[in-house]
Amino acid sequence: MLRHLTRKLRASGPVTVAEYMREALTNPGQGYYSRRGGVGESGDFITSPEISQVFGELIGIWYISEWMAMGKPTTFQLVELGPGRGTLTEDILRVFKQLASVLSTCDVSVHLVEVSPKLSEIQAVMLTGGKVQPSPEDETAYMKGISKTGIPIFWYRDIQDVPPGYSFYLAHEFFDALPIHKFQRTEKGWREVLVDIDPEVPDQLRFVLSPSRTPATQNFIQPEETRDHVEVCPEAGVIVQRLASRIEKDGGAALVADYGHDGTKTDTFRGFRNHKLHDVLSAPGTADLTADVDFSYLRKMAQGKTATLGPIKQREFLKNMGIELRLQVLLQNSSDTATHEQLLHSYDMLMNPEKMGDCFNFFALLPHHRLIHPDKKDKQESKSPLPPVAGFNELLLK
Ligand code: SAH
């Protein structure tokens, strides 16, 4: 990967951080996700669904709760962007199976958007026991199979390939993996941060500033910006626009969970390898590269087509979803000390503000009519109040 990049930089000059990140992560031959894709304990970074089954179970309940609140449509697609090892979908499908009597009238299918051939293989084993088949060329899915619980599953490279229809979308630690542009305020105005070869050290990369404004500085920096360093992820913006249009047209909801901020942070671009911070410019393709998600940008990109909720901290969302109750049940159901310790440890990882509780956030896109009665004028007593959206409101146990 380094050789490929240095050849490219010598031939055509410095590239944007977005271009560098795209190559390092998803280059079909040498990209990190294409080759290594190290999610999980034995990989480079650990994610909430890999820590505890409770995480995915509560998300499964969130979808069922929204499905009920939206009048139990007779069919829905569960669409996950960047499913990693497939653990989150596996936990959600287990909940769907446990609540089969509730969902019995509903035709459910699963649609996974995954660019990495290596990870899609792992997902296929996890979800179907490896019983998958490649799709014919004329179909938009590149692979299909049936889940262990009997639900059809399809794989795509792009959200645009997923057929239209009433859908519940899920993006957990997906947006943070998408390429960002970086900008620096200078005395001469905004400049874009670029990646170049270090002339002093062979085969080493370095950051440089664009000598003048670039098309990206013109398009992405708001005149009222007060920060000196800004990161923008246009690809995340395009995907949110697509999700919002699809939800507006066909119905459904999207749940986004990631580490991030509300338009306040500056330099968050970093790398992880073997669970340790890794220099983003060294040995590209061998480490995960990531940047905090700017939820204020996602909200703006929904462009009013849908309502948005959040970001709300992970520990508040999971608490509102009833994580404590679920933990108590699991503790009561097991008598061995090792399982108790493991349950308490994973609860602490997910909820502790010093660990994942505060830095991870939940954010949702919902049709406007889910939050406000379509005709506000006659919202009088005759109309029953809309049920609150689970997770974003305190759980009221009756
Ligand atoms: N959601 C999982 C994995 C997160 S890692 C979890 O929480 O455990 C990021 C995931 O997004 C990986 O599956 C990676 O292959 C996928 N990915 C990264 N860039 C992508 C892109 N542009 N399109 C589709 N999938 C992508």
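Criteria and thresholds
- Residues numbered from 1 in each chain as written.
- Predicted model: local features only at pLDDT ≥ 70, side-chain atom pairs only at ≥ 80, totals over all residues.
- Heavy atoms only, no water.
- UniProt positions renumbered as here; feature names shortened; annotations may be inferred.
- Phe/Tyr/Trp six-rings, centres within 6.5 Å; stacked < 30°, edge-to-face > 60°.
- Buried < 20%, exposed > 50% of the residue type's maximum accessible area, 1.4 Å probe, protein only.
- Lys NZ or Arg CZ within 6 Å of the ring centre and 35° of its normal.
- Near = heavy atom within 4 Å.
- Polar contact = N/O pair within 3.5 Å; in protein donor to acceptor, adjacent residues only side chain to side chain.
- Areas by Shrake-Rupley, 256 points an atom, 1.4 Å probe, with all protein chains shown as cover.
- Helix = DSSP H or I, 4+ residues; strand = E, 2+ residues; numbered from the N terminus.
- Expected span 1.5 Å × (residues − 1).
- Arc of directions from axis to C-beta.
- Contact = heavy atoms within 4.5 Å.
- Domains from an automatic or database assignment.
- Buried area = accessible area lost by both parts, 1.4 Å probe.
- Salt bridge = Lys/Arg side-chain N within 4 Å of Asp/Glu carboxyl O.
- Pairing = 2+ DSSP bridges.

An unreviewed UniProt entry annotates the protein as Protein arginine methyltransferase NDUFAF7 of Taeniopygia guttata. What UniProt states about the protein under its Catalytic activity (unreviewed entry) heading is, verbatim, "L-arginyl-[protein] + 2 S-adenosyl-L-methionine = N(omega),N(omega)'-dimethyl-L-arginyl-[protein] + 2 S-adenosyl-L-homocysteine + 2 H(+)".

Draft legend 1. Just the packing of aromatic side chains, in detail. In total, this model carries 12 aromatic pairs according to the counting rule given. An angle of 85 degrees between the planes, with centres 5.6 Å apart, marks the rings of Y166 and F168 as edge-to-face. Of the two residues examined, Y166 and F168, each falls in the buried class. Aromatic ring contacts, followed pair by pair, group W62, Y63, F76, F96, Y166 and F168 into a single cluster. In this structure, R157 packs its charged tip against the face of Y142, placed 4.1 Å from the ring centre.

Draft legend 2. Fine view of the site of the ligand. Around the ligand lies a shell of 19 residues, among which T47, G82, G84, E114 and H172 are the nearest. Here an oxygen atom of the ligand sits 2.7 Å away from a polar atom, N or O, in the side chain of T47. For the ligand, an oxygen atom lies 2.6 Å from a polar atom in the side chain of E114. Summarising the interface, the protein chains cover 95% of the accessible area of the ligand, which totals 570 Å² for the free molecule.

Draft legend 3. Region of the structure containing helix 14 (residues 337-351). Over its 15 residues, helix 14 runs 21 Å from end to end, which matches the ideal 21 Å to within 8%, given 1.5 Å per residue. If you check which residues of helix 14 are buried, you get L343, S346, L350 and M351. Summarising the axial view, the buried residues of helix 14 lie within an arc of 120 degrees, below the 170-degree limit, and thus occupy one face. In this structure, helix 14 carries T337, A338, E341 and H345 as exposed residues pointing more than 90 degrees from its buried face. As for helix 14, its buried residues are in contact with helix 4 (48-51), helix 5 (53-69), helix 12 (314-320) and helix 13 (323-333).

Draft legend 4. Region of the structure containing the domain arrangement of the protein. Examined at the domain level, the protein breaks down into domain 1 (1-25 + 181-231) and domain 2 (31-175 + 235-263 + 270-370). Computed from C-alpha atoms alone, the centre-to-centre distance between domain 1 and domain 2 is 31 Å. Taken together, the two surfaces of domain 1 and domain 2 that pack against each other cover about 1300 Å², and 60% of this comes from carbon and sulfur. Three residues, Y20, L25 and R227, lead the burial of domain 1 against domain 2; their summed loss comes to 40% of the area buried on that side. R22 is the salt-bridge partner of E235, the closest N and O atoms lying 3.0 Å from each other. Run the count over domain 1 and domain 2 and you get 6 residue pairs in polar contact (both at pLDDT 80 or more). The set of elements that each furnish at least two residues to the side of domain 1 that touches domain 2 consists of helix 1 (2-12), helix 2 (17-26) and strand 10 (205-209).

Draft legend 5. Layout of the pattern of salt bridges. Here the structure, examined in full by the defined rule, presents 18 salt bridges. For E90, the salt bridge identified is with K148, shortest N-O distance 3.4 Å. One end of the pair, E90, is in helix 6 (residues 87-98); the other, K148, is in the loop between strand 5 (143-146) and strand 6 (152-156), and 58 residues separate them in sequence. Given the relative accessible area of 53%, K148 is considered exposed. Here R227 ties to E225 by a salt bridge, and the two come within 2.9 Å at their closest N and O atoms. Assessed through its relative accessible area of 13%, R227 is described here as buried. By sharing partners, the salt bridges in this structure join E57, D91, R94 and R326 into a single network.

Draft legend 6. The arrangement of the pairing of strand 13 (residues 270-273) in detail. In terms of strand pairing, strand 13 meets strand 15 (residues 288-290) through 3 bridges, oriented antiparallel. Note on strand 15: the bridge partner recorded for R270 is T290. In terms of strand pairing, strand 13 meets strand 14 (residues 276-278) through 3 bridges, oriented antiparallel. Each bridged residue has a counterpart across the sheet, and for F272 the counterpart in strand 14 is L277. The turn linking strand 13 back onto strand 14 is made up of 2 residues, and N274 within it adopts a positive phi angle of 50 degrees.

Draft legend 7. Main features of unusual backbone geometry. Look at the link from G310 to P311: it is a cis peptide, with omega at 5 degrees. The phi dihedral of N274 is positive, around 50 degrees, even though this residue is not glycine. Within the fold, N274 resides in the loop between strand 13 and strand 14. A residue is classified by how much of its surface remains accessible, and N274, at 47% relative accessible area, is partly exposed. At H275, a residue that is not glycine, the phi angle is positive and equals roughly 65 degrees. Within the secondary structure layout, H275 lies in the loop between strand 13 and strand 14.

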